Every structure is written in structure tokens, then in C-alpha cells.
Amino acid sequence: MSGVRVSVGTRKGAFVLSSDAKRERWEVSGPHFAGWEIYHMKGSPVDPNRLYASQSSSWFGQIIQRSDDGGKTWHQPGTPPGEPTTAPDGTPKGESNKFVYDTSPETGKPLTTHQWYDGTAHPWEFKRVWHLESSLTDPDTVYAGVEDAALFRSTDGAQSWQELAGLRGHGSGDKWAPGAGGMCLHTILLDPSNRERMFVAISSAGAFRSDDSGKTWRPINRGLHSLYIPDPTAEIGHCVHRIAMHRSRPGVLFMQKHWDVMRSDDGGESWQEVSGNLPTDFGFVIDVHAHEPNTIYVVPIKSDSEHFPPDGKLRVYRSRTGGNEWEALTKGLPQSDCYVNVLRDAMAVDSLDQCGVYFGTTGGQVYASADAGDSWAPIVRDLPPVVSVEVQVLP
Amino acid sequence: MIRITLPAHLRKLAQVDEEVRLDVKGPVTQRSVLDALETRYPMLRGTIRDHVTQQRRAFVRFFACGEDLSHELPDAPLPDPVATGAAPFMIVGAIAGG
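Okay, so let's go over this structure. The written sequence of each chain sets the order in which its residues are numbered from 1. Lettering of chains starts at A and numbering of ligands starts at 1, both following the order in which they are written. Note on the predicted model: pLDDT of at least 70 is required for a residue's local features to be given, and 80 or more for side-chain atom pairs to be given and counted; whole-chain, interface and lining totals, by contrast, use all residues.

**Side note on the overall build of chain B**
What chain B contains, in helices and strands, is 3 helices and 5 strands. Along chain B, from the amino end to the carboxyl end, the secondary structure elements read β-α-β-α-β-β-α-β. Radius of gyration (C-alpha) of chain B: 12 Å, near the 13 Å computed for a compact globule of 98 residues. For chain B, the spread of C-alpha atoms along the three principal axes comes to 35 × 25 × 25 Å. Considering chain B as a whole, with its 98 residues, one finds that 30% of them fall into the buried category. We call two residues in contact if the C-beta atoms placed from their backbones are at most 7 Å apart. Considering only residue pairs separated by 6 or more positions, chain B has 55% of its internal contacts joining residues 24 or more positions apart. The secondary structure listing takes helices from DSSP runs of H or I that are at least 4 residues long and strands from runs of E that are at least 2 residues long, numbered from the N terminus. Using C-alpha atoms as the atom set, the radius of gyration is obtained and then compared with a globule rule of 2.2 Å times the number of residues to the power 0.38. Each residue is classed by its C-beta neighbour count within 10 Å, where at least 20 other C-beta atoms makes it buried, 12 or fewer makes it exposed, and intermediate counts make it partly exposed; the C-beta atoms are placed from backbone geometry.

Listed below in C-alpha cells is the structure:
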């Protein structure tokens, strides 16, 4: 029988939650990398034992970890201890925690600044990896979305990283500005039907698309309306919190923006609001049912200053119509005195016949539904604040 | 033989239990000690000083012989007891506070 592995990143370490396909009894392992912030863990879709983890700290910076055995053991995939860090010809060997912005003349536009909070020019400074996205076809190829916002790629199993500098250099990068949480590239979507197409989202710049494997990029924010920027319909400057797609219909995108839930039916060329009857359209997560491309999930949060559910009731909202018409899913979730948040990378779905939905909270709970959201139960209740949740179905 | 003490998180990354002992060629300075440390333990590159600028990370400080050496020039000689191995070069992470 197949099983499920839920990889949970928290403020103080990583946890791996495992179950058989019934998803009733869970084993919890961890904390892995105790004491470190684990922004994200991601498994390869073509090799379920290959996992990548982003481990970071304000003290010691960014570490990339890799597991080749499904999370039992981990290693930093750069140069092993005791080996020289340069090859005999002088070229540097793998340094898995080295993320250096591309300022080479070959990129054409070696940007050196973006906008700071006060509108002044500020140099790009690498801080951490927010999101890792494994290639759909090659376990050794993985993408990293980083703060300050940029996209990196490794083709050697995360031993070394190169920036896809066409994103920062496409023309608007010098106008990007951070939100209060930093200027992060937090979403990477790879189109399963077109290997050259990919989408990213940046807070607070917006969404961007490449149609040539990440070489060149353009903003795809037409239709977004953000009252917190001087021009509410500007080409960039929108605080996109998360975008999601269904692999069978990659031209349809769903977005949870700072405020507003949005939908695009043309690969991001234009967006329409589908917030409909949500109690609030602020939130962070959005995800799509594994088998029903028009069924989507969000967790409404009261406001951008009150990062908790309205009325102290933790409710997932599901739309079976691709937006606009939403139903509250409450069975098994706390319906009083609940003031947790659900961060942007903290929801995932599994691909079992009865789609499982998972999300983690800043209160340390990880909730699971084995019936597409109809009912919920906590897998764990008392982890450190949850930053990210990912799911793999194991053979 | 130079002795280096590391914060717990870096000891774990480097997979060492106790203080690190290294031979350093030439003058014993912050730079030469850190270069030797990172050569022996490549996974520590970027964790103590920035990959590109080589600046000490903001929450990391250097001490030896009861002195704060964090703001000394990278090529300034370290105290003789560090150079002879009588005293450790201490790499210290800031207290988390709270």
C-alpha cells in the first residue's frame, strides 16, 4: 500500500510525518536541524527519496541540505569535509550554500540595486532561501527562490547554484521593493505541459512568467488591483502571496494576493477577482485539489495587521467552481479562540484517490483532511511555528 | 597548532564534537585562521563570514585571551597565545536574548 510523507518546516527545525494511505495513524520524526529555521523542504517528483531542505539562521546564514534516502539521513551537497574547495585547475568546487547574484556583463543588465522602503536605491543582499522547487523530470535539477528576490538553479543536486538573472534584469527589478516581511521570491511553478514555461511570484513585486526555461521574463500582473501602492494597477509592486495551478490545466492560475483571491485563465496574461463570498479575502495560502482542477482552497485571515482567522474560527474555504462561490470547512477545526496564522507555503495536497489536504499553523498544529477538506484532524499540535508543509505520495 | 572553538550549531555542521585544531601556514591572523578552517571544513564557508565580501556575519564575534577581536583587521596578528596554541580562538554567536 502506498504511503504519505508530509515534510514540515518550522522556525526551530524540520519534522517528517508519515502514514499509510489511510492517513489515520501518523509517525512523527524530528526535529531535524534542531534550532534552525526550515523555510521549505521539497521532494523530487521523479525520485521520492530525493529531498531538499532550506535551513537558515540569522546567525550563520543559509545552508542547503539534501537527503537521498527519504529523509533518514541528510548532508550538505557541497564539497565534502577535508577536500579542497577548488579543483586542480583552480575552478571552485561545489558550495551548496553559496548564492551569489549574477553581475556578470554576459547577463546584459547587472542590476545592483532595488528600491528600499523609503524609495531609495538599495543593494541586493542575499538573506535566505524561501522556496525550493524540484524539476519535474530530473532529480538533480532544483530551483531556489530567495530573499532578496531572485531565482537560482542547480543542476548538480544542489552542490552549486547559478542565478537565472534574466528575472532581475528584465527591466523592472530596480523598482521592486520589499514588504514588511522582506523581498522574497516565494512561489515557483513549473508547467508540466511546457518544459520551457515557468511562473514565479515575489513579495512585493508581483507575478512573472518565463517561456524560455527562465532565460527571459516578463511581469504578468494585469488585472491586479492593489490599493497600497500609488498606482493600484501598476505593472509591478503587487504583494502576491501565493499562486497555484493544477497540473492538468497549467494555463489556469489561482492567486492569493495580499488582499483578493484572483484567477487567470490565460497563463497570467490577465487576472479576475474570484473572492466572491469569502468572509475576508486576505490570506496567504492557496492550493488546488489534486483531481479536480476547479476545486481550490484558501484560509481567510482577518487583515494585514490582524494575522489570525476572523472571529477566532479556523476555517478552510473551498470553492468547487474555481472561485467566487465558497464554502466554509470547519469540521475538526477549532471554532473558538483560535488566533493562529497559516503562512504562504504551509498548505499542500496529496494525490491519493481521495485527495488529502494539509496545512500548518503558526501555533504549531498540522491539520490533515483525508476527504478533500470535509473533515480535519491534527496530526501534531505542538510543533514550533510552522512555515511550510509539503506532501509526497510514496509508492 | 591553532585551537578554534565553534558555536554548537557550527560544530554540528562541521561534524566535530570538541574544539578544532588546525595547522596554519604563515602569520596567524583572523584571515589565515578562517581560511584554514574553511579549507578543512568547506561546509562552514559562508556561515562565519560572507561568501563574497568576506565580512564577519553580524551575529558572530571573535574573542581570544579575554579580548574582543571582532573589529580587528583581518590581517592583524592574533595574540601570541593563539599562535602557539596556548589559548583558543573563539568564534561566538550572539546570545539570542529574550
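On we go from here.
**Structural notes on the overall build of chain A**
When you go through chain A residue by residue, the secondary structure sums to 0 helices and 29 strands. The C-alpha atoms of chain A give 20 Å as radius of gyration, which agrees with the globular expectation for 395 residues (21 Å, within 12%). If one aligns the C-alpha atoms of chain A with their principal axes, the spans along those axes are about 60 × 50 × 40 Å. Sequence-distant contacts, at least 24 apart, represent 49% of the contacts inside chain A between residues at least 6 apart.

**Thoughts on the sheet that holds strand β6 (residues 61-67) of chain A**
Residues and elements named next belong to chain A. A pair of strands is labelled paired if DSSP reports no fewer than 2 bridges between them. Pairing in this open sheet of 3 strands is antiparallel, and the strands run β4-β5-β6 from one edge to the other. Single-partner strands in this sheet number two, and they are β4 (37-43) and β6. For this sheet, the mean angle separating the axes of adjacent strands, direction not counted, is 15°. Bridge analysis of β4 against strand β5 (residues 51-57) gives 6 bridges, and the strand direction is antiparallel. By the bridge assignment for β5, K42 is matched with Y52. Throughout, an axis means a line fitted to C-alpha atoms (over the contacting stretch in the case of helices), and angles, computed between N-to-C directions, take values from 0 to 180 degrees.

**Here we look at the pairing of strand β11 (residues 150-154) of chain A**
Across a regular strand the side chains alternate sides, sitting on one face of the sheet and then on the other. Residues and elements named next belong to chain A. Counting buried positions over the 5 residues of β11 gives 4, a clear majority of the element. Across 5 bridges, the pairing between strand β10 (residues 142-147) and β11 is antiparallel. Pairing of Y143 across the sheet is with R153, part of β11. Counting the residues that bridge the hairpin from β10 to β11 gives 2 residues.

**Considerations on the interface of chain B and chain A**
On the chain A side, the residues contacting the 19 residues of chain B number 19 residues. If you list the elements that add at least two residues to the side of chain B that touches chain A, you get α1 (8-14) and α2 (30-40) of chain B. Examining the composition of the side of chain B that touches chain A, we find that 3 residues originate from one element, α1(B), more than from any other. Residues of the side of chain B that touches chain A, tallied by class, amount to 9 nonpolar, 7 polar and 3 charged. Each residue is assigned to one class: nonpolar for Ala, Val, Leu, Ile, Met, Phe, Trp, Tyr, Cys and Pro, charged for Asp, Glu, Lys and Arg, and polar for all the others, Gly among them.

**A look at α2(B)**
What sets the pattern is the α-helix's 3.6 residues per turn: residues three or four places apart point alike. All names here are of chain B. Of all the positions in α2, only Q30, V33, L34 and L37 are classed as buried. Along the axis of α2, the buried residues cluster in a sector spanning 95°; they form a single face. Each element contacted by the buried residues of α2 is listed here: β1 (2-5), β2 (20-22), β3 (60-64) and β5 (89-93). In this context, the arc is that of the directions from the helix axis out to the C-beta atoms.

**Things to note about the environment of S193(A)**
Residues and elements named next belong to chain A. By the secondary structure assignment, S193 is in the loop between β13 (184-190) and β14 (198-203). Residue S193 is classed as exposed on the basis of its 10 C-beta neighbours within 10 Å. For the pair S193 and P250, spaced 57 residues apart in the sequence, the C-alpha separation amounts to 7.3 Å.

**Quick look at the environment of G46(B)**
Along the chain, G46(B) turns up in the loop between α2 and β3. What G46(B) contacts, discounting residues up to four positions off in sequence, is G61(A), N97(A), K98(A) and H51(B).

**A word on the sheet that holds strand β17 (residues 240-245) of chain A**
Strand order in the open sheet formed by 4 strands is β17-β18-β19-β20 (chain A), and the pairing between neighbours is antiparallel. Taken across any chain shown, the strands that pair with only one partner, and hence form the sheet edges, are β17 and β20 (272-273) of chain A.

**Re unusual backbone geometry**
Glycine aside, residues mostly have negative phi, and peptide bonds are mostly found in the trans state. Looking along the chain, the bond that leaves G30(A) and enters P31(A) is cis, with omega of 0°. Of the consecutive residues S203(A) and S204(A), the connecting peptide bond is found in the cis state with omega at 5°. Note that S204(A) resides in the loop between β14 and β15 (206-210). We note that F33(A) has phi near 55°; this positive angle belongs to a residue other than glycine. Residue position: F33(A) is located in the loop between β3 (27-32) and β4. Despite not being glycine, Q54(B) has its phi angle at roughly 65°, a positive value. Of note, Q54(B) is situated in the loop between α2 and β3. Overall, Q54(B) belongs to the exposed group, with 12 C-beta atoms counted inside 10 Å.

**Some thoughts on the pairing of strand β26 (residues 357-360) of chain A**
Residues and elements named next belong to chain A. Going residue by residue along β26, you find V357 and F359 tucked away on one face and Y358 and G360 tucked away on the opposite face as well. In the sheet, strand β25 (residues 347-349) pairs with β26 via 3 bridges, with the strands oriented antiparallel. Bridge pairing in β26 links A348 to Y358. Alignment of β26 against strand β27 (residues 366-369), held across 4 bridges, turns out to be antiparallel. Across the sheet, the residue bridging to G360 is V366, located in β27. Between β26 and β27, which pair antiparallel one after the other, the connecting turn spans 5 residues, and G364 there sits at a positive phi close to 90°.

Shape is all these values report; function is a separate question.
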